[in-house]
Amino acid sequence: PFIKLRGKNQDMKTLYIIRHAKSSWDNPDLSDFERPLNSRGKKNAPRMAKRLKEKRIVPDVMLTSPAERALATCQEFARVLNFDENKIKTDRRLYHADEDQILTVIRELKDSPRDSEEVVMLFGHNPGLTEFVNSLLKEELENIPTCGIVAASLNIDRWKDTRFGCGELKFFDYPKRSED
């Protein structure tokens, strides 16, 4: 069980930045926005979500690009983590967003009056996600692979205080890192 300390500067926010799972290029008639997950993506999304479940990670908010591959990845994580799919939030600005746009979306997250929304999962696209993570955490990740998960502790009390450099890497996981 997790113990949560209360008090000044002890309420940290946790952000899970997740790149959509592998998508299909099979249908040339589909727009980039409409591309679905391919078979590997459909296999990796529940596998990676299960790794979070094994760590007892429970999201308060799931926020995603509305592009088919990102939304489908988010929905698969929601299913495995027992998160109500009707509570998934989509934001068009996350579709191929750059690091500054992602930061803007994070800063606009509403803080719960009960201060319970501490864990947010954000699903999106590269190269913006990798650039965002490197700026947020002062890291040098070369690439977040498809269905990769970056877990970050943010040294902030309110989402609107999110700024580049305020985070610390908790872990970085991706499908090929270790096979189940």
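What you are looking at is a predicted structure, and each value in this text was computed from that prediction instead of being measured.

(A) The confidence of the model for the chain, seen in detail. Of all residues in the chain, 89% attain a pLDDT of 70 or more, and the chain-wide mean is 91. Low pLDDT (under 50) marks residues 1-10, which in the prediction has 12 contacts with non-local residues, meaning those over four places away or in another chain.

(B) Spatial organisation of the packing of helix α3 (residues 99-107) against helix α4 (residues 128-137). Close contact between α3 and α4 brings their axes to 8 Å; oriented N to C, the two are set at 70°. Considered as vectors, α3 and α4 are oriented roughly perpendicular to each other. Counted together, E99, I102, L103 and I106 of α3 and G128, L129, E131, F132 and S135 of α4 form the full contact between these two elements. A class-by-class count of the residues in the contact of α3 with α4 yields five nonpolar, two polar and two charged.

(C) How the structure looks around the sheet that holds strand β3 (residues 89-90). Judged by pairing direction, the sheet is mixed, and its six strands sit side by side in the order β3-β2-β4-β1-β5-β6 without closing on themselves. Only two strands of the sheet have a single neighbouring strand rather than two, namely β3 and β6 (167-173). Across six bridges, strand β5 (residues 149-154) lies against β6 in antiparallel orientation. Bridging from a neighbouring strand, A151 pairs with F171 of β6. Contacts between helix α1 (residues 39-54) and the sheet are confined to β1 (13-19), β4 (119-124), β5 and β6, with β6 contributing the most and set at about 125° to the helix. Against the sheet, helix α2 (residues 68-80) touches β1, β2 (61-64), β3, β4 and β5, its axis set at about 160° to β2.

(D) Spotlight on α3. Within the sequence span of α3, burial applies to I102, L103, V105 and I106. For α3, the angular spread of buried residues about the axis comes to 160°, placing them on one side. On its buried face, α3 is in contact with β1, β2, β4 and α4.

(E) The pattern of salt bridges, seen in detail. Applying the stated criterion to the full structure yields nine salt bridges. Among the salt bridges present, the one from D173 reaches R51, with a minimum N-O distance of 2.8 Å. Residue D173 is located in strand β6, and its partner R51 is located in helix α1; the two are separated by 122 residues in the primary sequence. Classification of D173 by relative accessible area gives buried; the value is 11%.

(F) A look at α1. Here α1 spans 23 Å end to end across 16 residues, near enough to the 22 Å set by a 1.5 Å rise per residue. The inward-facing, buried residues of α1 contact β1, α2, β4, β5 and β6. The N-capping residue of α1, defined by a side-chain oxygen 3.0 Å from the backbone nitrogen of R40, is N38. With its phi angle positive at about 60°, R56 sits one or two positions after the end of α1.

(G) The pairing of β4, seen in detail. Within β4, six of the six residues are buried, which leaves it mostly tucked inside the rest of the structure. As judged from the six bridges shared by β1 and β4, these two strands associate in the parallel manner. Paired with R19 across the two strands is G124, which belongs to β4.

So, how was this worked out
Residues numbered from 1 in each chain as written. Predicted model: local features only at pLDDT ≥ 70, side-chain atom pairs only at ≥ 80, totals over all residues. Heavy atoms only, no water. pLDDT = per-residue confidence, 0-100. Contact = heavy atoms within 4.5 Å. Axes fitted to C-alpha atoms, helices over the stretch in contact; angles between N-to-C directions. Helix = DSSP H or I, 4+ residues; strand = E, 2+ residues; numbered from the N terminus. Parallel < 35°, antiparallel > 145°, perpendicular 65-115°, else oblique. Nonpolar A, V, L, I, M, F, W, Y, C, P; charged D, E, K, R; others polar. Pairing = 2+ DSSP bridges. Buried < 20%, exposed > 50% of the residue type's maximum accessible area, 1.4 Å probe, protein only. Arc of directions from axis to C-beta. Salt bridge = Lys/Arg side-chain N within 4 Å of Asp/Glu carboxyl O. Expected span 1.5 Å × (residues − 1). Polar contact = N/O pair within 3.5 Å; in protein donor to acceptor, adjacent residues only side chain to side chain.

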